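Chain by chain, the residues run as shown.
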Amino acid sequence: MYIRRDRSNLHFGKMQRRRPRRWLFLLLLVIGIMAVVVWQFDRIAGQVATLLGDPPTPTTAAPVLAQAAYLDYINGDLQASADGFAAAVAIQPADANMWYEYGHVLLLLGENETALAAADQIASLDPADARSPGLQTMALYQSDRLDEALAVGLVQMENGSTFSLTYAALAWVYADLGRWEQAVEVAEQAVTLDPNSVDAYRAYAYALSWVGAREQAAQALEAAIELQPTLDFLYFELALTYRALQQVTDAIYAYEAVLALNPNHTRALLRLCETYYGLREPARAQNYCEQALTIDPSYTPAWRAAGQVYYMQSDFQRAVDAYEQCIALGSDDIFCWYQRGLAYYYLDRCDLAVPVLQESLERTQSEQILGFVRQGLRLCDVDSADEAGPLEPTPETVDEDAGSG
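These figures come from a predicted structure and were not determined experimentally.

Caption draft 1: Looking closely at the packing of helix H16 (residues 300–312) against helix H17 (residues 316–328). As a packed pair, H16 and H17 sit with axes 8 Å apart at the nearest point and diverge in direction by 165°. Considered as vectors, H16 and H17 are oriented roughly antiparallel to each other. H16 and H17 meet at a crossing whose hand is left-handed. Mapping the contact onto sequence places Thr 300, Trp 303, Arg 304, Ala 306, Gly 307, Gln 308, Tyr 310 and Tyr 311 in H16 and Phe 316, Arg 318, Ala 319, Ala 322, Tyr 323, Gln 325 and Cys 326 in H17. Across the contact of H16 with H17, the residue classes tally to nine nonpolar, four polar and two charged.

Right, here's the structure in full:
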């Protein structure tokens, strides 16, 4: 059992949690973007004017590229930011600050090997620079090299490092190793060392979720969003936390905030489809799934989800068509196999249902799904169907949006 300690002096503690609303997310987005533009406008304009007036030199081009890359990060375009920093360090490779910003963005993109190379560059410029092992610890963690990440991070702690990212990375490591109390304590240190660190708040939320303190985890992610409201993955992590708290409306607001950032964000549309499916509102779910498929017809998770929605509406032919698209695109998602077989049964096509369901038996070890499959076979009078179960599958639990570095 998790024993809740008094954290009132840190960040959340006994503070009553505010209920977020859509206007809050959108307002934060607008304020954040406008503030950045106002804050940086004169500086950028002056640098651009300088470049337009004279041919660029390494000492002027690299900082301008780095500044533009940082603004891309602020605006949530991580790939453009990484490309910009890559160009900047190619021109000015002796700038450790640029290497760090580049490495940090690479971590957010999951490009861990390149982030490790950036950490090595920083170390070559200054072996005492704490940012190098900070990047290294996080990159090793994200590469599932937990023992190596732990070793690097602990050396830094023992040497008195005060670099927040190292502590954030260690918190993720401890959580994944099942050392949850240590994860919470180290994450608290990360936030204390740098209260403006998105990484620290994400790590804190991740650690808190493991000890069942989901209300505080949600607050930590809300704090991260206030710091950087244009990073879409923060909203997915927050929505997942809301769903664990059974605060489905708040999860919907979080997904809608992602669409405010990018109306064509297929994963946000998919999550809304899945959420409304779980609420048994198939018409709304269908709308979001079909939007996602209009944007990306090759998005197999949306075909799977659309099939579930059509199945719920007893539109079995459309369900079959959706599942066949899912399979034709190369998906091995068991839902696309066995639910197609069940839909064939309801279309009075046991000749098609039976081979699909029998193949489904070979594709899963889930007792719940095997129960559905055997029930479908029993209904088609197949002797090998020896167990019964409900024919309507329950909605999947979405866990792939959890923060993990």
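Caption draft 2: How the structure looks around the pattern of salt bridges. Under the criterion given, the structure shown has 12 salt bridges. Note that Arg 271 is salt-bridged to Glu 274, the shortest N-O span being 2.9 Å. With Arg 271 and Glu 274 both in helix H14 (residues 266–278), this residue pair falls three residues apart, about one helical turn. Side by side, Arg 271 and Glu 274 carry an identical accessibility label, which is buried.

Caption draft 3: Inspection of the confidence of the model for the protein at higher detail. Overall, the prediction assigns the protein a mean pLDDT of 86, with 80% of residues at 70 or greater. Here residues 47–54 is modelled with pLDDT under 50, and outside its nearest four sequence neighbours on either side it reaches five contacts, counting other chains as well.

Caption draft 4: Representation of the nonpolar core within the structure. Of all hydrophobic cores here, the largest spans 128 residues; its most connected members are Tyr 141 and Tyr 338. The biggest single contributor to this core is helix H8 (residues 164–176), with 10 residues.

Caption draft 5: Examining the packing of aromatic side chains more closely. The tally for this structure, following the rule as stated, stands at 15 aromatic pairs. Centre to centre, the rings of Trp 99 and Tyr 102 are 6.1 Å apart; their planes meet at 45°, and the pair counts as tilted. With Trp 99 and Tyr 102 both in helix H4 (residues 96–109) and three residues apart, the pair spans about one turn of that helix. Summarising the burial analysis for this pair, Trp 99 and Tyr 102 share the class buried. Centroid distance Tyr 206 to Trp 210: 6.3 Å. Interplanar angle 80°. Geometry classified as edge-to-face. In this pair, Tyr 206 and Trp 210 both sit in helix H10 (residues 198–210), four residues apart, roughly one turn of the helix. Judged by relative accessible area, Tyr 206 falls into the buried class, the value being 12%. In this structure Trp 210 comes out as partly exposed when scored by relative accessible area, which is 42%. Through pairs of rings, three or more aromatic residues link up here, namely Tyr 141, Trp 172, Trp 180, Tyr 206 and Trp 210. For Arg 340, the ring lying beneath its charged end belongs to Trp 337, and the centroid distance is 5.3 Å.

Caption draft 6: How the structure looks around unusual backbone geometry. Its identity is not glycine, yet Asp 144 carries a phi of approximately 65°, on the positive side. Considering the arrangement of structural elements, one finds Asp 144 in the loop between helix H6 (131–142) and helix H7 (146–158). A relative accessible area of 66% places Asp 144 in the exposed class. Unusually for a residue other than glycine, Arg 280 sits at a positive phi of about 60°.

Caption draft 7: Quick peek at the state of the cysteines. Using the criterion set out here, one finds three disulfides in the structure. A sulfur-sulfur separation of 2.1 Å characterises the disulfide bridge that pairs Cys 326 with Cys 336. Note on the Cys 326 and Cys 336 pair: the S-S dihedral is about 80°, so by sign convention the disulfide is right-handed. Here Cys 326, found in helix H17, pairs with Cys 336, found in helix H18 (residues 334–346); they are 10 residues apart in sequence, far enough to count as distant. Exposure class is identical for Cys 326 and Cys 336. Each is buried.

Caption draft 8: Helix H15 (residues 282–295), seen in detail. The end-to-end C-alpha distance of H15, which contains 14 residues, comes to 20 Å, matching closely the 20 Å that a straight helix rising 1.5 Å per residue would cover. Turning to H15, its buried residues number three or more, namely Ala 285, Gln 286, Tyr 288, Cys 289, Ala 292 and Leu 293. On the buried face of H15, the contacting elements are helix H13 (248–261), H14, H16 and H17.

About the cut-offs
- Residues numbered from 1 in each chain as written.
- Predicted model: local features only at pLDDT ≥ 70, side-chain atom pairs only at ≥ 80, totals over all residues.
- Heavy atoms only, no water.
- Axes fitted to C-alpha atoms, helices over the stretch in contact; angles between N-to-C directions.
- Helix = DSSP H or I, 4+ residues; strand = E, 2+ residues; numbered from the N terminus.
- Parallel < 35°, antiparallel > 145°, perpendicular 65-115°, else oblique.
- Left-handed = near helix turned anticlockwise from the far one by under 90°.
- Contact = heavy atoms within 4.5 Å.
- Nonpolar A, V, L, I, M, F, W, Y, C, P; charged D, E, K, R; others polar.
- Salt bridge = Lys/Arg side-chain N within 4 Å of Asp/Glu carboxyl O.
- Buried < 20%, exposed > 50% of the residue type's maximum accessible area, 1.4 Å probe, protein only.
- pLDDT = per-residue confidence, 0-100.
- Core = buried A, V, L, I, M, F, W, Y, C linked by side-chain atoms within 4.5 Å.
- Phe/Tyr/Trp six-rings, centres within 6.5 Å; stacked < 30°, edge-to-face > 60°.
- Lys NZ or Arg CZ within 6 Å of the ring centre and 35° of its normal.
- Disulfide = S-S within 2.5 Å.
- Expected span 1.5 Å × (residues − 1).

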